[in-house]
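Results of the structural survey
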Amino acid sequence: VRAYEPLYTVKEVSKILKTNPSTVYELITKNKLPALRLGMIKIRGSDLERFIEGFPVENIKEDTNEKA
């Protein structure tokens with residue numbers, strides 16, 4: 001997320017989150033990610049930053065059966 005970028009499109013957010021646009025629309029619909037309707041839907045950079053920082057982090061354990 002670039003601090004100087006005030007607004008992102010859904011497509012730009014999907015690239016940042018490394019997901020597809022339909023997932024971003026779903027996050028918006030479920031009120032998990034605030035959005036503005038300015039012609040097209042836009043997401044504030046500050047809201048995107050808060051979303052990322054507030055998202056729960058999972059500890060992903062390596063498969064112990066894998067050989068090094």
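For the structure itself, look to the data block above.
Residues numbered from 1 in each chain as written. Predicted model: local features only at pLDDT ≥ 70, side-chain atom pairs only at ≥ 80, totals over all residues. Heavy atoms only, no water.

1. Regarding unusual backbone geometry
- One non-glycine residue, Lys18, lies in positive phi territory at about 55 degrees.
- Judged by relative accessible area, which is 76%, Lys18 ranks as exposed.
- A positive phi angle is found at Asn31, which is not glycine, with a value near 60 degrees.
- The topology assignment puts Asn31 in the loop between helix H2 (21-29) and strand S2 (36-38).
- The class of Asn31 is exposed, set by a relative accessible area of 69%. (Buried < 20%, exposed > 50% of the residue type's maximum accessible area, 1.4 Å probe, protein only. Helix = DSSP H or I, 4+ residues; strand = E, 2+ residues; numbered from the N terminus.)

2. Considering the sheet that holds strand S3 (residues 40-44)
- Taken together, three strands build an open sheet; the order of strands is S1-S3-S2 and the sheet is antiparallel. Each having just a single partner strand, strand S1 (7-9) and S2 make up the two edges of the open sheet. Across the sheet, the axes of successive neighbouring strands diverge by a mean angle of 45 degrees, strand direction being ignored. (Pairing = 2+ DSSP bridges. Axes fitted to C-alpha atoms, helices over the stretch in contact; angles between N-to-C directions.)

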